[in-house]
Amino acid sequence: MKTAETVFLKRLEKHHDELRWLYMELYGNDSMFAELCDNIKQFYLERNEDLKALDLKREKKPDWYKQNDMLGMMFYIDNFAGDMKGVEARLGYIEKCNVNYIHLMPFLDTPEGRSDGGYAVSDFRKVQEKLGSMKDLENLTAACHKKGINVCMDFVMNHTSEDHEWARKARQGDGEYMSRYFFFDNWYMPSLYEKTVPQVFPTTAPGNFTWLDDAGYFVMTTFYPYQWDLNYKNPRVFNEMMYNFLYLANRGIDIIRIDAVPYIWKELNTPCRNLQQVHTIVRMMRMISEIVCPSVLLLGEVVMEPEKVVPYFGTVEKPECHMLYNVTTMATTWHTVATRDVRLLKKQLDIVNALPKDYVFLNYLRCHDDIGWGLDYGTLMTEGIEERCHKKYLNDYFQGYAGDSKSRGELYNADPVTGDARFCGTTASMCGIEKAGFEQDNEAMEKAVRLDVMLHAYMFMQSGIPVLYSGDEIGQVNDYTYKENPHKAADSRYLHRGAMNWELAENIQDSNTVEGKIFYSLDRLEKIRKKEKAFVSNADTWTIETWDQSVLCIGRYYEGEKIIGLFNFSEFDKTAWINETDGDYVELISGREMKAAGVNIPAYGFYYLKKKQQKSQ
Ligand code: GLC
């Protein structure tokens, strides 16, 4: 016990002054700070020996998650395997997918029908009964660790469900609990907030406040009316939420996804997003995790433009999140698919590539949420492309209405006032696999599969860690059955959250099937990525001009090894007019020797060209 305490005290000592400074700046409350310190020590002492050993190991190798073997997969537990035990039974499949990090979508207690896909938590210390128990979670994380798989979960800290114990007490008029939320007995203050706070769900949940008829109060609800925003001005909220975070970390979680983090601090006359205090809270959270559970990574969910996202990494001396989503690149990728014009994407990648290499982005083609068209309209405008029209074009295109589109999908939160809308669909459906399958058009299917695989190959080349959405590895298409479920019908995001089709997954060995083709192609790429050190997340990464608007070229360099990726976003054969005259290259998929100059690339094709090592004299 003594040595364990020494480890804790040493870590506390490292961060104590800054932690106290920030806490006092925000709360000015000494006794609550003392309580926080006492309690986090308790969580440290309760942390099991295996996790403590992992902490020590990762402390010695802080770059452990920046390696080229990191590959994520996200899924809802019930959709993937029924329950927690089911996931454990499917770890073999996860390994076969070369995945070593799984994101278990929200699984904590949540009221049926008022859950927002689990993002309305009614008990942070209870697993939904249909999925299992906390013990099952611990067993699952331990089983994952044995196989070298990391486990990620959501920490929904901006709000609780209206069924959470605090919310229920607040609703009954208990002042102690009301002060943990934002309550107003008339519309005056909410009306002032509404002047500056934008809407997240303008169609499915308009406004930022909900009137509680029984209580006679308005409560702040940035998301759905049943998701009550927590008031982090109250130190009790901060302390308790930190205890919940540590409780979950102690169940063996490796990556904590901080849900909707930009929203956690509210201030009148502001947009209530990305305020300075949010960064203070995330920085404190980072220090607390480094003191109690340093093997745990913080992943920030910041779905904003790049200037707003990057500050969540903090600074090199005072880091906040370890990892963030590369959301603008994701949206720009689909813009590129629709326009066959890589210029904006190239510019976007240049912005990301110019950032410090310590910053780790999670790259993805799509996730469980909609795709918002947050593009660099300033740049598009110089080409005469106007925001509103272009969003409409992209939405039309991906719904399959515009000219030659092969995509299928649905709009999300179409705002009748602004004309704005976001988009839902699986990668495969957006690439044309759904349409080709329905029409039994083999030629179209061949093209759609090529596009799908090319997009994955390009994603693996980006700087950072790629994350697959479960089912994408076998080209699963949209699932329209959500429309029959009254709890889901109004939320089109369920279109791309379908259950894993294990019957189709049986085809992965059969190269004549769509599933087999995609799975096999991704497998090859993932193995190359794992083998070639130029794919580590802190390699030099840059783009190269190809002089063809549809062909993107990305270079990677690490410790003397260089790889160039070429990606043709058009359905026509193209030539990449690159001229890398520094030596001979070998194409990693075919093993063919090639020159990295004037490279012909078939429609929706791609190459990974590796520079051959010079023979030593
Ligand atoms: C995040 C989740 C999204 C959810 C929202 C509210 O953005 O990704 O699914 O609706 O938070 O918790």
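Up top you'll find the structure we're talking about.
Residues numbered from 1 in each chain as written. Predicted model: local features only at pLDDT ≥ 70, side-chain atom pairs only at ≥ 80, totals over all residues. Heavy atoms only, no water.

A. Expanded view of the overall build of the protein chain. Each helix and strand in the protein chain was counted, giving 22 helices and 25 strands. The C-alpha radius of gyration of the protein chain comes to 24 Å, within 12% of the 25 Å expected for a compact globule of 617 residues. A principal-axis box enclosing the C-alpha atoms of the protein chain has dimensions of 70 × 60 × 50 Å. Here the protein chain holds 617 residues, and the buried ones make up 61% of them. (Helix = DSSP H or I, 4+ residues; strand = E, 2+ residues; numbered from the N terminus. Rg over C-alpha atoms; globule rule 2.2 N^0.38 Å. Buried < 20%, exposed > 50% of the residue type's maximum accessible area, 1.4 Å probe, protein only.)

B. Here's a closer look at the site of the ligand. The immediate surroundings of the ligand are formed by 13 residues, with Asp116, Asp259, Glu301, His368 and Asp369 found nearest. Arginine 493 has a polar side-chain atom sitting 3.1 Å from an oxygen atom of the ligand. For the ligand, whose free accessible area comes to 310 Å², the fraction covered by protein is 95%. Classifying every residue of the shell around the ligand by side-chain character gives 3 nonpolar, 3 polar and 7 charged. (Near = heavy atom within 4 Å. Polar contact = N/O pair within 3.5 Å; in protein donor to acceptor, adjacent residues only side chain to side chain. Areas by Shrake-Rupley, 256 points an atom, 1.4 Å probe, with all protein chains shown as cover. Nonpolar A, V, L, I, M, F, W, Y, C, P; charged D, E, K, R; others polar.)

C. Spatial organisation of the packing of helix α14 (residues 327-339) against helix α17 (residues 387-399). It is at 10 Å that the axes of α14 and α17 come closest, and there the two elements cross at 75°. The orientation of α14 with respect to α17, classified from their angle, is roughly perpendicular. Along its contact with α14, which presents Trp334, His335, Val337, Ala338 and Thr339, the element α17 presents His390, Tyr393, Leu394, Tyr397 and Phe398. Taken together, the residues of the contact of α14 with α17 sort by class into 7 nonpolar, 3 polar and no charged. (Axes fitted to C-alpha atoms, helices over the stretch in contact; angles between N-to-C directions. Parallel < 35°, antiparallel > 145°, perpendicular 65-115°, else oblique. Contact = heavy atoms within 4.5 Å.)

D. Focus on the sheet that holds strand β12 (residues 297-300). Pairing in this closed barrel of 8 strands is parallel, and the strands run β1-β2-β5-β11-β12-β13-β14-β17 around the ring. The sheet shows a mean angle of 25° between the axes of neighbouring strands, direction not considered. Both strand β14 (residues 360-363) and strand β17 (residues 465-469) contribute to a ladder of 2 bridges, which runs parallel. Each residue of the ladder has a partner; that of asparagine 363, found in β17, is proline 466. (Pairing = 2+ DSSP bridges.)

E. Structural view of the packing of α14 against helix α20 (residues 442-461). One way to put it is that α14 packs onto α20 with a least axis distance of 12 Å and a crossing angle of 145°. The chirality of how α14 crosses α20 is right-handed. On α20, the residues that touch Thr329, Thr333, Trp334 and Val337 of α14 are Leu451, Leu455 and Tyr458. (Left-handed = near helix turned anticlockwise from the far one by under 90°.)

F. Inspection of the side chain of serine 470 at higher detail. In this structure, serine 470 sits in the loop between β17 and α21 (502-505). Serine 470 gets classed as buried once you look at its relative accessible area, which sits at 9%. The contact partners of serine 470, leaving out residues within four places of it in the chain, are Met73, Met74, Phe75, Phe80, Arg366 and Met500.

G. Geometry of the pairing of strand β5 (residues 150-155). With respect to burial, β5 is a largely interior element, 6 of its 6 residues being buried. Burial along β5 is two-sided: the face carrying Asn150, Cys152 and Asp154 and the face carrying Val151, Met153 and Phe155 are both buried. Of the pairings in the sheet, the one linking strand β2 (residues 101-104) to β5 comprises 4 bridges and is parallel in character. Residue pairing for β5: isoleucine 102 is matched across the bridge by valine 151.

H. Expanded view of the environment of asparagine 501. Among the secondary structure elements, asparagine 501 is positioned in the loop between β17 and α21. By relative accessible area, which is 30% here, asparagine 501 ends up partly exposed. Sequence separation between asparagine 501 and glycine 471 is 30 residues; the distance between their C-alpha atoms is 7.5 Å. Those residues in contact with asparagine 501 that sit more than four places away from it in its chain are Ile474 and Gln476.

I. Molecular detail of the nonpolar core. Core analysis: the largest hydrophobic core is formed by 194 residues, its most contacted members being Tyr232, Trp334 and Phe567. Ranked by residue count, the leading element in this core is α20, at 12 residues. Residues within four places of tyrosine 232 in sequence aside, it is in contact with Tyr27, Met157, Val237, Phe238, Met241, Ile264, Trp265 and Ile281. One finds Val551, Ala576, Met594 and Leu609 within the second-largest nonpolar core, a separate group that totals 14 residues. (Core = buried A, V, L, I, M, F, W, Y, C linked by side-chain atoms within 4.5 Å.)

J. Expanded view of the pattern of salt bridges. One pass over the structure, following the stated rule, counts 57 salt bridges. Across the salt bridge formed by aspartate 30 and arginine 20, the nearest N and O atoms sit 2.5 Å from each other. Here aspartate 30, found in helix α2 (residues 30-46), pairs with arginine 20, found in helix α1 (residues 2-27); they are 10 residues apart in sequence, far enough to count as distant. Residue classification places arginine 20 among the partly exposed positions, given a relative accessible area of 31%. (Salt bridge = Lys/Arg side-chain N within 4 Å of Asp/Glu carboxyl O.)

K. Structural detail: helix α7 (residues 134-146). A rise of 1.5 Å per residue sets the reference length of α7, with its 13 residues, at 18 Å; its end C-alpha atoms lie 18 Å apart and thus fit the reference within 8%. Listed as buried for α7 are Met134, Asp136, Leu137, Leu140, Thr141, Ala143 and Cys144. (Expected span 1.5 Å × (residues − 1).)

L. Region of the structure containing unusual backbone geometry. A positive phi angle, near 45°, is found at alanine 260, a position not held by glycine. Secondary-structure assignment places alanine 260 in the loop between β11 (255-258) and α12 (276-292).

M. How the structure looks around the sheet that holds strand β8 (residues 209-212). Here we have 3 strands laid out as an open sheet, ordered β7-β9-β8, and antiparallel in their pairing. In this open sheet, the two edge strands, each paired with only one partner strand, are β7 (183-184) and β8. Sheet analysis places β7 next to strand β9 (residues 217-220), joined by 2 bridges and oriented antiparallel. The residue bridging phenylalanine 183 from the neighbouring strand is valine 219, located in β9.

N. Spatial organisation of helix α22 (residues 514-531). Over its 18 residues, α22 runs 26 Å from end to end, which matches the ideal 26 Å to within 8%, given 1.5 Å per residue. Looking at α22, one finds that the buried residues are Val514, Glu515, Gly516, Ile518, Phe519, Ser521, Leu522, Asp523, Leu525, Glu526, Ile528 and Arg529. Looking at the buried positions of α22, the neighbouring elements they touch are α6 (91-96), α19 (433-438), α20, β17, α21 and β25 (606-611).

O. Spotlight on the packing of aromatic side chains. Taken as a whole and assessed by the stated rule, the structure comprises 42 aromatic pairs. Geometrically, the ring pair formed by phenylalanine 201 and tyrosine 224 is tilted, given 4.7 Å between the ring centres and 40° between the ring planes. Within this pair, whereas phenylalanine 201 is found in the loop between α10 (188-196) and β8, its partner tyrosine 224 is found in the loop between β9 and β10 (227-229), the two being separated by 23 residues in sequence. Look at phenylalanine 567 and tyrosine 608: their rings are 6.5 Å apart centre to centre, the planes differ by 80°, and that puts the pair in the edge-to-face class. Separated by 41 residues along the polypeptide, phenylalanine 567 in strand β20 (residues 561-568) and tyrosine 608 in strand β25 bring together distant segments of the chain. Accessibility classification places phenylalanine 567 together with tyrosine 608 in one group, the buried group. Members of the aromatic cluster, each reached through a chain of ring pairs, are Phe184, Trp187, Tyr193, Phe209, Trp211 and Phe218. When the ring centre of tyrosine 469 is taken as reference, the NZ or CZ atom of arginine 366 above it lies at 4.0 Å. (Phe/Tyr/Trp six-rings, centres within 6.5 Å; stacked < 30°, edge-to-face > 60°. Lys NZ or Arg CZ within 6 Å of the ring centre and 35° of its normal.)

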